[in-house]
Amino acid sequence: AQSVTQPDIHITVSEGASLELRCNYSYGATPYLFWYVQSPGQGLQLLLKYFSGDTLVQGIKGFEAEFKRSQSSFNLRKPSVHWSDAAEYFCAVGAVDSNYQLIWGAGTKLIIKP
Amino acid sequence: NAGVTQTPKFRILKIGQSMTLQCAQDMNHNYMYWYRQDPGMGLKLIYYSVGAGITDKGEVPNGYNVSRSTTEDFPLRLELAAPSQTSVYFCASSRQVINQPQHFGDGTRLSIL
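Residues numbered from 1 in each chain as written. Chains lettered and ligands numbered in written order. Predicted model: local features only at pLDDT ≥ 70, side-chain atom pairs only at ≥ 80, totals over all residues. Heavy atoms only, no water.

Residue and element names in this part refer to chain A. What the rule picks out here adds up to 2 disulfides over all chains. In this model cysteine 23 forms its disulfide with cysteine 91; the gap between the sulfur atoms is 1.9 Å. Its S-S torsion of approximately -65 degrees makes the covalent link between cysteine 23 and cysteine 91 left-handed. With cysteine 23 in the loop between strand E3 (19-21) and strand E4 (24-26) and cysteine 91 in strand E10 (residues 87-94), this residue pair connects regions lying 68 residues apart in the sequence. (Disulfide = S-S within 2.5 Å. Helix = DSSP H or I, 4+ residues; strand = E, 2+ residues; numbered from the N terminus.)

What follows is the structure, encoded as structure tokens:
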């Protein structure tokens, strides 16, 4: 069965520092990959998605993610975080045999140190 | 620019009571979903719908029911509320099933006491 792993439950980063959030998936073929962000008390907002083509994709709010097929990973990055980036981040994977379901990671909570 | 609208935003129920969580979308999406979110557990799919009149169970359907009489509306029904159903519930919709992003409402925070 497909699965999505976000190994870090929470990450603390200083404001202005760079950020990388990890996402690994298990699926044989190339999946559809998504990163979402959830601010406290809010719903989930799409940051970026990868379907095919260039393996480095740009998203909103200065985020980018790189698809690495050999590592089954889709890590989210940002060169310099802002206090407003404090939120929970979810990776999701869609596969052709996933029976209409996106498979979700458990989320990584990002804490920003002033 | 409403997107996906969920009501109510907060609710406290007593054990055994019933209620309906409302969800409406104005994007003419065929696909709609109900998730529950528990701390540290990510999102679990409760039910989904691929169009008006068609619904199916997700990963955690027990204790819930849904209907989809129109494209716009996808209500979630709790018949006999139990403490295990205390959670945050999100409704989402999408244009396609897995190759288009899902659009989420702001959630309903439900406590069963």
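That covers the picture; the talk isn't over yet.
Attention shifts here to the sheet that holds strand E3 (residues 19-25) of chain B. All names here are of chain B. In space, the 4 strands of this open sheet follow the order E1-E3-E8-E7, with antiparallel pairing throughout. The strands lining the two open edges of the sheet, one partner per strand, are strand E1 (4-7) and strand E7 (64-66). Along the sheet, successive strands turn relative to each other by an average axial angle of 20 degrees, direction set aside. As paired strands, E3 and strand E8 (residues 76-78) are joined by 3 bridges and run antiparallel to one another. When the bridges of E8 are listed, methionine 19 appears paired with leucine 78. (Pairing = 2+ DSSP bridges. Axes fitted to C-alpha atoms, helices over the stretch in contact; angles between N-to-C directions.)

Residues and elements named next belong to chain A. Taken as a whole and assessed by the stated rule, the structure comprises 15 aromatic pairs over all chains. Ring geometry for phenylalanine 34 versus tyrosine 36: centroids 6.2 Å apart, planes at 35 degrees, classification tilted. Comparing phenylalanine 34 with tyrosine 36, the two get one shared label, buried. Arranged with centres 6.4 Å apart and planes meeting at 45 degrees, the rings of tyrosine 50 and phenylalanine 74 form a pair that is tilted. (Phe/Tyr/Trp six-rings, centres within 6.5 Å; stacked < 30°, edge-to-face > 60°. Buried < 20%, exposed > 50% of the residue type's maximum accessible area, 1.4 Å probe, protein only.)

All right, on to the nonpolar core then. Residues and elements named next belong to chain A. Ranked by size, the top nonpolar core spans 29 residues in total, and within it Leu19, Trp35, Leu47, Leu48, Phe74, Leu76 and Tyr89 carry the most contacts. Of all the secondary structure elements, the ones that give two or more residues to this core are strand E2 (10-14), E3, strand E5 (32-38), strand E6 (44-50), strand E8 (64-68), strand E9 (73-78), E10 and strand E12 (108-113). Ranked by residues supplied to this core, first place goes to E10 with 4 residues. If we skip the residues at most four places from it in the chain, leucine 76 touches Leu19, Glu20, Leu21, Trp35, Leu47, Leu48, Phe63, Glu64, Ala65 and Tyr89. (Core = buried A, V, L, I, M, F, W, Y, C linked by side-chain atoms within 4.5 Å. Contact = heavy atoms within 4.5 Å.)

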